[in-house]
Amino acid sequence: MTSISIKAVDIYHPEKSENNDYYIEYFKKKGRDITSFLEFMGRKERYFIDNKHENSITMAIEASKRVLKKAQLAGEDIDLIIFSTQVPEKTFPTNVMYVHNAIGGKHSAIALDMNVNCAGMTTAVDMASRYLSSNPYMKRALVVGSDYLSLLANPDEEISFANFGDASSAVILENTADDNTGFIDAIYDIDSDNRNNIQYPEMGLSRSITEKIDGQGIKWLPFDGSMILPATYEMIETLLKRNHLKIDDINGFCLSQFALSNILKVQEHFEIPSEKIIYVGDEYGYTGTSSPFIALYEGIESGQIRRGDYVLFWTVGGGHELIAMLFKY
């Protein structure tokens, strides 16, 4: 029996960074004190693009090259490439075409873009794992998540402007005979009643083009983000139960880095020791689709996550769509 293991993971972020002082002063000039908000979200630093040469594609290419080098592989070794982004640089051609070309991908590879908003990369890893396990002719997949979120940030709203960071993460999945590691399972919860809470472009692409409406940042309606927590608790409990695991069996929790407050509530609900929680939102800001895998990268680099450890991923996409996923790293 084969397993779909995580062979390697790596990241890329721009050089430019800014700490909370900049954003506190920025909004103070608008008559607002966002100090408590930044504490609630768990922000300290964030990286962002400040030049015309970088975007979601360039970050994805760099993360992909780094993870291939780490895994000692070449582009021709990859059978499936999935590019997850909610800030695509192109609609024609697919963004993944640029990654495929940059890494020297082979002609027989499957390559596609995926957008499940912030849940995209985790969903892509789930889908790639299941596809690899069912196709005997495929050995490896490259999944890369990359969001240029600061591009869409609304300069009048702290929820995006002071919260977002730009970054990419890439992971290589491999079909292996080692049954001590590998993909285990994933579970979803969707509530499309919330589909209009976060929108870009606000009026839709068709009206934005035909009516020449400028898209000036994400439209973000105020809503209680903690509304996703009851479903989250139930998902995690169901996922663990059907795979004969307990919360204590999980060695690393790579959760959405959107809000530290939600991570702390999950931690409190399940009584998770702090050393098992991987939190990177204070360094990277909120990076969207890549955030659980930047947490994985940092967990591995710090030694918090080791080979053979059970890892639980959880994140949320706008709308909302939740995913929880189990791996044995």
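See the structure printed just above.
Residues numbered from 1 in each chain as written. Predicted model: local features only at pLDDT ≥ 70, side-chain atom pairs only at ≥ 80, totals over all residues. Heavy atoms only, no water.

### Here we look at the packing of aromatic side chains
As a reminder, the rule being used: For this analysis, a ring pair means two rings from Phe, Tyr or Trp (six-membered ring only for Trp) whose centres lie within 6.5 Å, classed as stacked if their planes differ by under 30 degrees, edge-to-face if by over 60, and tilted for the remaining angles. Partly exposed describes any residue whose relative accessible area lies between the buried limit of under 20% and the exposed limit of over 50%, with all areas from a 1.4 Å probe on protein chains only and scaled to the type maximum.
Tallied over the entire structure, the rule returns 16 aromatic pairs. Ring centres of Tyr-26 and Phe-27 lie 5.0 Å apart, and the angle between their planes is 75 degrees; on these two criteria the pair is classed as edge-to-face. Judged by relative accessible area, Tyr-26 falls into the partly exposed class, the value being 22%. Plain terms: the ring middles of Tyr-233 and Phe-270 are 5.9 Å apart, the flat faces sit at 85 degrees to each other, and that makes the pair edge-to-face.

### Things to note about the side chain of Asn-262
Inclusion rule: The way it works is that DSSP assigns letters per residue, a run of H or I at least four long becomes a helix, a run of E at least two long becomes a strand, and they are numbered from the N terminus. It only takes one pair of heavy atoms within 4.5 Å for two residues to be counted as in contact.
Looking at where Asn-262 falls in the secondary structure, it is placed in helix α9 (residues 260–270). Given the relative accessible area of 9%, Asn-262 is considered buried. Asn-262 has contacts with Gly-225, Ser-226, Ile-228 and Leu-229, leaving out every residue within four places of it along the chain.

### A few points about the pattern of salt bridges
This is how it is decided: A pair is scored as a salt bridge if a Lys or Arg side-chain nitrogen falls within 4 Å of a carboxyl oxygen belonging to Asp or Glu.
Using the criterion set out here, one finds 14 salt bridges in the structure. Note that Lys-7 and Glu-174 form a salt bridge whose closest N and O atoms lie 3.8 Å from each other. Placement of the pair is Lys-7 in strand β1 (residues 3–12) and Glu-174 in strand β7 (residues 167–176), with a sequence separation of 167 residues. The exposure class of Lys-7 is partly exposed, given its relative accessible area of 31%. Glu-174 sits in the buried class, given a relative accessible area of 11%. Across the pair Glu-62 and Arg-66 runs a salt bridge whose closest N-O atoms are separated by 3.0 Å.

### Description of helix α11 (residues 291–302)
Since the α-helix turns once every 3.6 residues, residues separated by three or four places project in the same direction. We apply this condition: One fewer than the residue count of a helix, multiplied by 1.5 Å, yields its expected span.
Along its 12 residues, α11 runs 16 Å from first to last C-alpha, staying within 8% of the 16 Å computed at 1.5 Å per residue. Among all positions of α11, only Ser-291, Pro-292, Phe-293, Ile-294, Ala-295, Leu-296, Tyr-297 and Gly-299 are buried.

### Concerning the sheet that holds strand β13 (residues 321–328)
Operational definition: A pair of strands counts as paired when DSSP detects no fewer than two bridges linking them. Every axis corresponds to a line fitted to the C-alpha atoms, with the helix fit spanning only the stretch in contact, and the corresponding angles, defined between N-to-C directions, vary from 0 to 180 degrees.
Taken in spatial order, the 4 strands make up an open sheet running β8-β13-β12-β11, and their pairing is mixed. The open sheet is flanked by β8 (182–190) and β11 (250–255), the only strands paired with a single partner. Going across the sheet, the axis of each strand differs from the next one's by a mean of 15 degrees, ignoring polarity. Sheet analysis places strand β12 (residues 310–317) next to β13, joined by 8 bridges and oriented antiparallel. Across the sheet, Phe-313 pairs through a bridge with Met-325, a residue of β13. Helix α5 (residues 120–134) contacts β8, β12 and β13 of the sheet and is inclined by roughly 130 degrees relative to β8.

### Notes on the sheet that holds strand β4 (residues 80–84)
Strand order in the open sheet formed by 5 strands is β1-β7-β6-β4-β5, and the pairing between neighbours is mixed. Edge positions in the open sheet fall to β1 and β5 (110–114), since each of these has one partner strand only. Strand-to-strand twist of the sheet, defined as the mean angle between neighbouring strand axes without regard to direction, takes the value 15 degrees. α5 contacts β1, β4, β5, β6 (140–147) and β7 of the sheet and is inclined by roughly 15 degrees relative to β7.

### Observations regarding empty space enclosed by the protein
Rules: Throughout, the protein atoms alone are placed on a 1 Å grid, and a set of points is a cavity if a 1.4 Å probe fits but cannot get out or a pocket if it is open with protein on both sides within 12 Å along at least five of seven lines; lining residues have an atom within 4 Å of a point. Grid points are joined across faces, edges and corners, and a volume is the space filled by probe spheres set on the points. Any residue outside Ala, Val, Leu, Ile, Met, Phe, Trp, Tyr, Cys, Pro, Asp, Glu, Lys and Arg is labelled polar, Gly included; the first ten of those are nonpolar and the last four are charged.
This model, assessed by the stated rule, comprises 1 cavity of 30 Å³ or more. Its boundaries defined by the atoms lining it, the largest cavity holds a volume of some 40 Å³. Taken together, the residues of the lining of the largest cavity break down into 5 nonpolar, 2 polar and no charged.

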